[in-house]
2 protein chains.
Amino acid sequence: MLDTRPRRRAIEDTASELFRERGYAATSVRDIAKALDIQGASLYAHVASKEDVLWAIVDRVATAFEAAVAGAEAGAGDRDPVDRLRAFVRAHVHVICADPGASSVFVHEWRHLSDDRRAAILERRDAYERRLRGRIADGIADGVFAMVDPALAATFLLTALNGIPTWYRREGHLSPDQLADAWADLAVRSLTEVPL
Amino acid sequence: MLDTRPRRRAIEDTASELFRERGYAATSVRDIAKALDIQGASLYAHVASKEDVLWAIVDRVATAFEAAVAGAEAGAGDRDPVDRLRAFVRAHVHVICADPGASSVFVHEWRHLSDDRRAAILERRDAYERRLRGRIADGIADGVFAMVDPALAATFLLTALNGIPTWYRREGHLSPDQLADAWADLAVRSLTEVPL
DNA sequence: GGGCTTGCCTAACGATCGTTAGTTGGGTAT
DNA sequence: ATACCCAACTAACGATCGTTAGGCAAGCCC
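Below is a short write-up of the structure. (Residues numbered from 1 in each chain as written. Chains lettered and ligands numbered in written order. Predicted model: local features only at pLDDT ≥ 70, side-chain atom pairs only at ≥ 80, totals over all residues. Heavy atoms only, no water.)

**Here we look at the nonpolar core**
1) Next: If you look at the biggest cluster of nonpolar residues, it comprises 117 residues, and the most contacted ones within it are V93 and W183 of chain A together with F19, V93 and W183 of chain B.
2) Next: Residues contacting V93 of chain A, with those up to four places away along its chain left out, are L161, I164, P176, L179, A180 and W183 of chain A. (Core = buried A, V, L, I, M, F, W, Y, C linked by side-chain atoms within 4.5 Å. Buried < 20%, exposed > 50% of the residue type's maximum accessible area, 1.4 Å probe, protein only. Contact = heavy atoms within 4.5 Å.)

**What to know about the pattern of salt bridges**
1) Next: Within this structure, the stated rule accounts for 40 salt bridges over all chains.
2) Next: For D115 of chain B, the salt bridge identified is with R118 of chain B, shortest N-O distance 2.6 Å. Of this pair, D115 of chain B and R118 of chain B both sit in helix α6 (residues 115–142), three residues apart, which is roughly one turn of that helix.
3) Next: Put simply, E129 of chain B and R133 of chain B hold a salt bridge, and the shortest N to O gap is 3.9 Å. Here the residue E129 of chain B and the residue R133 of chain B both occupy positions in helix α6, the gap between them amounting to four residues, near one helical turn.
4) Next: Bridged by salt links that share partners, the residues E73, R84, R131, R135 and D138 of chain A form one connected network. (Salt bridge = Lys/Arg side-chain N within 4 Å of Asp/Glu carboxyl O. Helix = DSSP H or I, 4+ residues; strand = E, 2+ residues; numbered from the N terminus.)

**A few points about the interface of chain A and chain B**
1) Next: Across the contact, 32 residues belong to chain A and 32 residues belong to chain B.
2) Next: Summed over both partners, the interface of chain A with chain B buries about 2500 Å², with 72% contributed by carbon and sulfur atoms.
3) Next: Three residues stand out in chain A for area buried against chain B, namely L152, F156 and R189 of chain A, and they jointly supply 27% of the buried area on that side.
4) Next: Counting across the interface, chain A meets chain B through zero salt bridges.
5) Next: Where chain A touches chain B, the interface holds 10 residue pairs in polar contact (both at pLDDT 80 or more).
6) Next: Secondary structure elements with two or more residues in the side of chain A that touches chain B: α1 (7–22), α7 (150–162), α8 (164–167) and α9 (176–191) of chain A.
7) Next: Per-element accounting of the side of chain A that touches chain B gives the leading share, six residues, to α9 of chain A.
8) Next: When its residues are assigned to classes, the side of chain A that touches chain B shows 17 nonpolar, eight polar and seven charged. (Buried area = accessible area lost by both parts, 1.4 Å probe. Polar contact = N/O pair within 3.5 Å; in protein donor to acceptor, adjacent residues only side chain to side chain. Nonpolar A, V, L, I, M, F, W, Y, C, P; charged D, E, K, R; others polar.)

**Topic: the protein's contact with DNA strand C**
1) Next: Around DNA strand C, a shell composed of 16 residues is seen, among which R30, Y44 and K50 of chain A together with Q39 and S42 of chain B lie nearest.
2) Next: The sugar-phosphate share of atoms of DNA strand C within 4 Å of the protein amounts to 57%.
3) Next: A distance of 2.8 Å separates a phosphate oxygen of DNA strand C from a polar side-chain atom of K50 of chain A.
4) Next: In the environment of DNA strand C, a phosphate oxygen lies 2.7 Å from a nitrogen or oxygen atom belonging to the side chain of S42 of chain B.
5) Next: Among the residues forming the surface near DNA strand C, the class breakdown is six nonpolar, six polar and four charged. (Near = heavy atom within 4 Å.)

**Considerations on the protein's contact with DNA strand D**
1) Next: Taken together, 15 residues lie near DNA strand D, and Q39 and S42 of chain A together with V29, Y44 and K50 of chain B sit nearest.
2) Next: The contact in question runs from a phosphate oxygen of DNA strand D to an N or O atom on the side chain of R7 of chain A, over 3.0 Å.
3) Next: Here a phosphate oxygen of DNA strand D and a side-chain polar atom of H46 of chain A are 2.9 Å apart.
4) Next: Here the surface near DNA strand D is built from residues that sort into five nonpolar, six polar and four charged.

**Quick word on the layout of surface pockets**
Residue and element names in this part refer to chain B.
1) Next: By volume, the second largest pocket amounts to about 160 Å³.
2) Next: Of all elements in the fold, only α1 (7–22) and α5 (100–108) reach the threshold of two or more residues within the lining of the second largest pocket.
3) Next: Top contributing element to the lining of the second largest pocket by residue count: α1, with four residues.
4) Next: The residue makeup of the lining of the second largest pocket, split by class, is two nonpolar, two polar and seven charged. (1 Å grid on protein atoms, 1.4 Å probe; cavity = no way out; pocket = protein on both sides within 12 Å on 5 of 7 lines; lining within 4 Å. Points joined across faces, edges and corners; volume = space filled by probe spheres on them.)

**Things to note about the relation of the copies chain A and chain B**
1) Next: The two copies are related by a screw operation: chain A maps onto chain B through 180 degrees of rotation and 0.0 Å of translation along the axis, at an RMSD of 0.0 Å. Viewed as a symmetry operation, the transformation between the two copies matches a two-fold axis.
2) Next: In this assembly the copies share their binding face: 100% of the residues contributing to the interface of chain A also contribute to that of chain B. (Least-squares fit on C-alpha atoms with pLDDT ≥ 70 in both.)

**Some thoughts on helix α7 (residues 150–162) of chain B**
Residues and elements named next belong to chain B.
1) Next: In a regular helix each residue adds 1.5 Å, so 13 residues correspond to 18 Å; α7 covers 18 Å between its end C-alpha atoms and thus fits that length.
2) Next: Taking burial as the measure, the 13 residues of α7 include 11 buried ones, the bulk of the element.
3) Next: Among the residues of α7, L152, A153, A154, T155, F156, L157, L158, T159, A160, L161 and N162 are the ones counted as buried.
4) Next: Near the N-terminus of α7, the side chain that reaches the backbone nitrogen of A151, with its oxygen 3.1 Å away, is that of D149. (Expected span 1.5 Å × (residues − 1).)

**A look at the packing of aromatic side chains**
1) Next: Under the counting rule described, the total for this entry stands at 15 aromatic pairs over all chains.
2) Next: Pairing W167 of chain B with Y168 of chain B gives two aromatic rings, centres 6.4 Å apart and planes at 70 degrees, and the pair type is edge-to-face.
3) Next: The partly exposed category is assigned to W167 of chain B, whose relative accessible area is 26%.
4) Next: Since its relative accessible area comes to 2%, Y168 of chain B is described here as buried.
5) Next: Directly above the aromatic system of Y24 of chain A lies the positively charged group of K50 of chain A, at a separation of 4.2 Å from the ring centroid. (Phe/Tyr/Trp six-rings, centres within 6.5 Å; stacked < 30°, edge-to-face > 60°. Lys NZ or Arg CZ within 6 Å of the ring centre and 35° of its normal.)

Next up, the structure:
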């Protein structure tokens, strides 16, 4: 079967998988090229630099996260805080499952970006975290969530979410929907006070 | 003030911090040496190889985790499942907080170990995860935890725990005890069924 | 005081790194 | 048929990698 992806995208996908397995610094340009059955130098007909490939991956995943939760909030914005948090978590998990390799790179390899790009990504991550913090604060104000520090709880949930790409495999027996449901259940319960 | 640590341990501590910040592959032997104000080649009077330093760190942290939860289980073994899970989580968090740099290396850099060492570490991680799974299964059998898949729940908790060293800083305003309490609360609640 | 150990030094090794330059062959458009 | 472009090639660059070899000065043991 013939690969209809633009060459540039095939390079990014191959690089994602290698960056996830070995890390950005431990993956050479020649490694990426070899996986595509071409010479290392031939890559430079398609990309400006190794860091450019990293940036393309990180930027694409960041945009996917932003779009996914924006869509989730648009779809559940009028519902109660529990449903809105569930929608947030489910959207996040589905982005990860759609491309675990790229998501892993987004989570772990952004420190190898240039200063400007790293700063830009950190700012977008912060905005994302603030958004989640808002959903948690809503639930607390509403009385359905326990009195936790929203910042700490958001860190807990993001930590539990961001770790997924390090172990999730698409070939496994766990479907994206099952995983999204399970994580949403665990997330909501972790914030829900259990009465005595 | 004079550094009373054996030179070898000072090297490992410095390497831990650099490995955490930049990753193992992106940290050169000369980087480690420069942080200690000596020449790169001088390190080899104290260590056999770069990978040896990585192994020393990873092995030490693995042992610390094993010892900590063994101690926790010895201290709470006769209590109810909720207390035992709390003790497990708290012990884990305290090991991380005692040395976040080394813990981060343990979590993220083990793939750069040689084949034998990597296999050995993965086996110890598996045993650790099975232990946690047992605590969860106990609580389910006891009726205090919701009917979740123990394997999936253990993965959730370990994901939430293993992500801590990537953001926790000892200089921050969050004490190890506060963090351990918060994570134990969130962990227990995430497994506790909320009645309708 | 002679010998040993410790802790560092300088110099250099072969390998590999990211990247540039110049070229070639096959497909497409004119 | 001619001109062009695209995707790949080979060859090489300077830098940096982990590591080895050999030496030198200070402190301790007998």
